[in-house]
Amino acid sequence: MDIQQIPLFSLLSSRMSWLSARQSVLAENVSNADTPNYIARDLKPLDFAGILRDQEFALKPRVTNVSHIALRSGFLPQEAEGEGGNPSGVVSIEQEMIKLSDTQVHYQTATNLYQKAVAMFRTALGTRSS
Amino acid sequence: MDFFSALQISAYGMRAQSGRMRIIAENLANADSVSPSANGEPYRRQITAMTSTFDRELNANVVELINPIPDQTQFRLQYDPGNPRADTAGYVRLPNVNALVEMMDMRDAQRSYEANIQALEGARSMLVRTIDLLRR
């Protein structure tokens, strides 16, 4: 059995890939903070209900022929909403820093949960984990 | 790989900011550079700007510095009739560099550079945390 078929692991891995994609988008915003006419972007919040629904009814388009174009995996960034008195689309370094640390914390949570889940499996298997 | 692209994006940002710093340093260093010849122009302030270009490999908008363009504002004039570089009215043309503007630009560049470092640190720690899942 594939470990990705266990709902917890697939949820965690999609959460982690979302967070890493967001990190890239935020890094892009920070590095373009001084670019004229640059519009700050952010990812849409991850839709857990949607992921769970997808798992229940796994009806997805597949690449069965080399000439098919695969659906772009990943998350499409869109214009960031203005927060904290900033108009939308304007890069505010402070706001980006807050988002960055938010991403960090959530990523840490996800990896810790992953470790815990693996430890639970170890316990169930009866191997003594230190 | 997303973390590596995040690191690359931050590195592009840092490179652009340090390039900007270099231009600012050039402007400040030449704040009093008069022309070497009797009726030539003094140093002209250079202006840079950032532009974002789409990098297909990274699949992201990376930042780059555009080539510096000369500032077209008037030169400063100083009344110094004894100076061999003075014009007929007795004025010497000095560079159009304003130290205050340059200092402000420099602070801005520093702040943006630090922000890029923060973003890079963040991506790095996430990457390390992922690798740490392999431990034990």
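In this report, we go over the structure that sits alongside the text. As the structure is a computational prediction, the values presented were derived from the model and not from experiment.

What counts, and where the lines are drawn
- Residues numbered from 1 in each chain as written.
- Chains lettered and ligands numbered in written order.
- Predicted model: local features only at pLDDT ≥ 70, side-chain atom pairs only at ≥ 80, totals over all residues.
- Heavy atoms only, no water.
- Helix = DSSP H or I, 4+ residues; strand = E, 2+ residues; numbered from the N terminus.
- Buried < 20%, exposed > 50% of the residue type's maximum accessible area, 1.4 Å probe, protein only.
- Lys, Arg positive; Asp, Glu negative; His and termini not counted.
- Salt bridge = Lys/Arg side-chain N within 4 Å of Asp/Glu carboxyl O.
- Contact = heavy atoms within 4.5 Å.
- Buried area = accessible area lost by both parts, 1.4 Å probe.
- Polar contact = N/O pair within 3.5 Å; in protein donor to acceptor, adjacent residues only side chain to side chain.
- Nonpolar A, V, L, I, M, F, W, Y, C, P; charged D, E, K, R; others polar.
- Core = buried A, V, L, I, M, F, W, Y, C linked by side-chain atoms within 4.5 Å.
- Axes fitted to C-alpha atoms, helices over the stretch in contact; angles between N-to-C directions.
- Parallel < 35°, antiparallel > 145°, perpendicular 65-115°, else oblique.
- Left-handed = near helix turned anticlockwise from the far one by under 90°.
- Phe/Tyr/Trp six-rings, centres within 6.5 Å; stacked < 30°, edge-to-face > 60°.

### Structural notes on the side chain of A:Arg15
All names here are of chain A.
Next up, step 1: Structurally, Arg-15 can be placed in helix α1 (residues 7–31).
Next up, step 2: One buried charged residue, Arg-15, forms no salt bridge at all, with the nearest opposite charge on Asp-102 at 6.6 Å.
Next up, step 3: In this structure Arg-15 touches Leu-46, Phe-48, His-106 and Ala-110, once residues within four positions along its chain are discounted.

### A short note on the interface of chain A and chain B
Next up, step 1: Counting residues at the interface gives 33 residues for chain A, matched by 33 residues for chain B.
Next up, step 2: Carbon and sulfur atoms supply 53% of the area that chain A and chain B bury against each other, a total of about 2600 Å² over both sides.
Next up, step 3: Of all residues in chain A, A:Ser31, A:Asp34 and A:Tyr107 give up the largest surface area on contact with chain B, accounting jointly for 21% of the area buried on that side.
Next up, step 4: Inspection of the chain A/chain B interface yields two salt bridges.
Next up, step 5: Of the charged contacts, one joins A:Asp34 and B:Arg20 as a salt bridge, the two residues approaching to 2.9 Å between their closest N and O atoms.
Next up, step 6: Inspection of the chain A/chain B interface yields eleven residue pairs in polar contact (both at pLDDT 80 or more).
Next up, step 7: With 13 residues, the top contributor of residues to the side of chain A that touches chain B is helix α3 (residues 93–125) of chain A.
Next up, step 8: A per-class count over the side of chain A that touches chain B returns 13 nonpolar, 14 polar and six charged.

### Notes on the nonpolar core
Next up, step 1: A:Tyr107, B:Ile9 and B:Leu58 are the most contacted members of the largest nonpolar core, which has 30 residues in total.
Next up, step 2: Elements with a minimum of two residues in this core: α1 and α3 of chain A together with α1 (2–29), β3 (60–65) and α2 (99–132) of chain B.
Next up, step 3: With ten residues, the single largest contributor to this core is α1(A).

### So, the packing of α1(B) against α2(B)
For any two helices packed against each other, one specifies the inter-axial angle together with the distance between the axes.
Residue and element names in this part refer to chain B.
Next up, step 1: Where α1 contacts α2, the axes come no closer than 9 Å and their chain directions differ by 160 degrees. By the criterion of interaxial angle, the relationship of α1 to α2 is roughly antiparallel. The element α1 and its partner α2 pack so that their crossing is left-handed.
Next up, step 2: Split into classes, the residues belonging to the contact of α1 with α2 amount to 20 nonpolar, nine polar and five charged.

### As for the packing of aromatic side chains
Next up, step 1: Following the criterion strictly, the structure yields four aromatic pairs over all chains and no others.
Next up, step 2: Seen from their ring centres, A:Phe9 and A:Tyr114 are 5.0 Å apart, and the 80 degrees between their planes marks the pair as edge-to-face. Taken as a pair, A:Phe9 in helix α1 and A:Tyr114 in helix α3 lie far apart in primary sequence, 105 residues in all.
Next up, step 3: Taken together, a centroid distance of 5.6 Å and an interplanar angle of 90 degrees make the contact between A:Tyr107 and B:Phe3 edge-to-face.

### So, unusual backbone geometry
Among all residues save glycine, negative phi is the norm, and among peptide bonds the norm is trans.
Next up, step 1: Residue A:Asn37 is not a glycine yet carries a positive backbone phi of 65 degrees.
Next up, step 2: Looking at where A:Asn37 falls in the secondary structure, it is placed in the loop between α1 and β1 (41–43).
Next up, step 3: For A:Asn37, a relative accessible area of 79% translates into the label exposed.
Next up, step 4: The backbone of B:Asn59 shows a phi angle near 60 degrees, a positive value even though the residue is not glycine.
Next up, step 5: A relative accessible area of 40% places B:Asn59 in the partly exposed class.

This is a description of form; function is not addressed.
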